[in-house]
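A closer look at the structure
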Number of protein chains: 2
Amino acid sequence: MNFADYFPVWNKLTPPQQHKISSCLFDRTIKKGTIIHHGSMDCTGLLFLKTGRLRAYILSAEGREITIYRLFDRDMCLFSASCMLNSIQFEIIIQAEKDTDLWIIPPEAYKQLMEESAPVANYTNEVMATRFSEVMWLIEQIMWRSLDKRIAGFLLDEAAIEAADKLKITHETIANHLGTHREVVTRMLRYFQNEGMVSLSRGIVEITDKERLEILQHD
Amino acid sequence: MNFADYFPVWNKLTPPQQHKISSCLFDRTIKKGTIIHHGSMDCTGLLFLKTGRLRAYILSAEGREITIYRLFDRDMCLFSASCMLNSIQFEIIIQAEKDTDLWIIPPEAYKQLMEESAPVANYTNEVMATRFSEVMWLIEQIMWRSLDKRIAGFLLDEAAIEAADKLKITHETIANHLGTHREVVTRMLRYFQNEGMVSLSRGIVEITDKERLEILQHD
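Presented here is a report on the structure given in the accompanying data block. Fair warning: this is a prediction, and the values are worked out from it, not measured in the lab. (Residues numbered from 1 in each chain as written. Chains lettered and ligands numbered in written order. Predicted model: local features only at pLDDT ≥ 70, side-chain atom pairs only at ≥ 80, totals over all residues. Heavy atoms only, no water.)

**Section: the state of the cysteines**
This is how the line gets drawn: The disulfide criterion used throughout: a pair of cysteine sulfur atoms within 2.5 Å.
Going through the model one piece at a time under the given rule, you end up with two disulfides over all chains. With no disulfide partner, A:Cys77 has as its closest neighbouring cysteine sulfur the one in A:Cys43, 11 Å distant. Here B:Cys24 is not disulfide-linked; the sulfur of B:Cys43 is the nearest cysteine sulfur, at 13 Å.

Structural data, given as structure tokens:
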């Protein structure tokens, strides 16, 4: 696969624009756990995921985390080039959740392209609108849904992403995704275990009754 | 003032583009309290505020509200034209908080303009990034700040917007802005009153010790 297959508006670029991007594009492999972007002062560039998984999260002054969204194969990461847009005024952290292969376009090159190409600017707009929708969904979750439903939903999503019912994940990690404390997650998971919905062992949460978790999630 | 003064990229349009926008632009006066946009099925168009104030909020299944952002003179309201962007997947409601004068550009005309003009697409991008930043700020507020600080901050913001320390506002309205219940707001305001920071009467919250509210807010 080459870059043209990952960039939906490639065919709307002029040959000189295509040439410019091809000549400044580079690829990189990021090890699981690496933080590749840290806050708005950091301007890594546009990231295009070939394979792997990235997590975007924010951090409170006390070090609590909450996951804002995740990026999968073929997604474009826009906020790793936040210097490109003057109006971005927030600090997001992006970390590889798996070993990740990606292409990087330097921010200046993309910014210039966006300024001269309406298709690129509109594509960027759609990507931002997608992230915006994810963030609005998150606000709804935080505001209106109780934590038992959010944990049930998180476990089901993880099982779908990993295509496995036995999840290698700590209570601390779940808490960091959901913006809560480890103790609260542990208490809830023990309740789920007593109800027969999961089975817990060190570093493992195994889903044992998916149907009931689904009912709980949508209750 | 004419429309060109409200649209920062007006001078980057071609004369035919300027003509097209001028010919489909119309103005409207909206009475305080009117809901001018309700969810993603509604596609009113791009709104440019001359004077007045709009509030964008979301609603839970149970009817609880939370304010997402507010728009003031010279702001552009993008999500009232959400049909323009395929990736917008959330339901926002926009209501006039004051009598409001605005210009409206029909969504099809703006969409076409955005598709052919990189400056317009990039301007739209910056507007969306501004709203994105406001929404990220809101998530931080909801996640990491206690309600006493959020109410203190809300009262101080209102006093600044209204340029008055005596605010005509009900506890219900404050609860709707902050996504909480009236009873919780009433309890907190009574605590503020006991501490001498506000004085309460029917439909009025008067700030009596701004300095202490500020200290509380940033504590």
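**What about the packing of helix H3 (residues 118-144) of chain A against helix H2 (residues 107-116) of chain B?**
What counts is decided by this rule: To get an axis, a line is fitted to the C-alpha atoms, and for a helix only the part in contact is used. The angle between two axes follows their N-to-C directions and goes from 0 to 180 degrees. Put simply, DSSP marks the helices as runs of H or I at least four residues long and the strands as runs of E at least two long, and each gets a number from the N terminus on. Throughout, the term roughly parallel applies to angles under 35 degrees, roughly antiparallel to angles over 145, roughly perpendicular to angles from 65 to 115, and oblique to all others. The contact definition used throughout considers only heavy atoms, calling two residues in contact when any of these lie within 4.5 Å. Under this grouping Gly is polar, as are all residues other than the nonpolar Ala, Val, Leu, Ile, Met, Phe, Trp, Tyr, Cys and Pro and the charged Asp, Glu, Lys and Arg.
Interaxial distance between H3(A) and H2(B) falls to 7 Å at its minimum, and their mutual angle equals 120°. When the axes of H3(A) and H2(B) are compared, the pair comes out oblique. Where H3(A) approaches H2(B), its residues A:Ala118, A:Asn122 and A:Asn125 are matched on the opposing element by B:Met114, B:Glu115 and B:Glu116. Looking at the contact of H3(A) with H2(B) residue by residue, the class counts come to two nonpolar, two polar and two charged.

**Quick look at the interface of chain A and chain B**
Put simply, the rule reads: Here's the idea: put two parts together, see how much 1.4 Å probe accessible area each one loses, and the total over both is what we call buried area. Any Lys or Arg side-chain nitrogen found within 4 Å of a carboxyl oxygen on Asp or Glu counts as a salt bridge. Whenever a nitrogen or oxygen atom comes within 3.5 Å of another N or O atom, the pair is scored as a polar contact, on the condition that within protein one atom can donate a hydrogen and the other can accept it, and that pairs from neighbouring residues in sequence are kept only if both atoms are in side chains.
Contacts between chain A and chain B engage 42 residues on the former and 42 residues on the latter. Interface of chain A and chain B: buried area, both sides summed, is about 3,500 Å²; carbon and sulfur atoms make up 71% of it. The interface formed by chain A and chain B holds zero salt bridges in total. Remark: the boundary between chain A and chain B carries 14 residue pairs in polar contact (both at pLDDT 80 or more). Elements supplying a minimum of two residues to the side of chain A that touches chain B: strand S4 (54-59), strand S5 (65-71), helix H2 (107-116) and H3 of chain A. Classifying every residue of the side of chain A that touches chain B by side-chain character gives 24 nonpolar, eleven polar and seven charged.

**Some words on the pairing of strand S3 (residues 46-51) of chain A**
Residue and element names in this part refer to chain A. Rules: Any residue under 20% of the maximum accessible area for its type is buried, any over 50% is exposed, and the rest in between are partly exposed; the area is computed with a 1.4 Å probe on protein chains only. For two strands to be treated as a pair, DSSP must find at least two bridges joining them.
With respect to burial, S3 is a largely interior element, five of its six residues being buried. As judged from the five bridges shared by S3 and strand S8 (residues 100-105), these two strands associate in the antiparallel manner. From the neighbouring strand, Leu-49 faces S8, where its bridge partner is Leu-102. One ladder, built from two bridges, connects S3 with strand S6 (residues 76-77); its direction is antiparallel. In the sheet register, Leu-47 faces S6, and the bridge partner there is Cys-77.

**Topic: the packing of helix H1 (residues 15-24) of chain B against H2(B)**
Residue and element names in this part refer to chain B. To be explicit about the condition: When the near helix sits turned anticlockwise from the far one by under a right angle, the crossing is termed left-handed; a clockwise turn instead gives a right-handed crossing.
At their nearest, the axes of H1 and H2 sit 10 Å apart, and the two run at 165° to each other. The orientation of H1 relative to H2 falls into the category roughly antiparallel. Between H1 and H2 lies a crossing whose hand is left-handed. Seen from H1, the contacting residues are Gln-17, Lys-20, Ile-21 and Cys-24; seen from H2, they are Ala-109, Gln-112, Leu-113 and Glu-116.

**A look at the sheet that holds strand S10 (residues 198-201) of chain A**
Residues and elements named next belong to chain A. Pairing within the open sheet is antiparallel, and its three strands lie in the order S9-S11-S10. Looking at strand neighbours, the two that pair on one side only are strand S9 (166-168) and S10, the edges of this open sheet. Strand-to-strand twist of the sheet, defined as the mean angle between neighbouring strand axes without regard to direction, takes the value 20°. Sheet topology note: the S9/strand S11 (residues 204-207) ladder contains three bridges and is antiparallel. Paired with Lys-168 across the strands is Ile-204, a residue of S11. The strands touched by helix H6 (residues 182-194) within the sheet are S10 and S11, with S10 carrying the most contacts at an inclination of about 125°.

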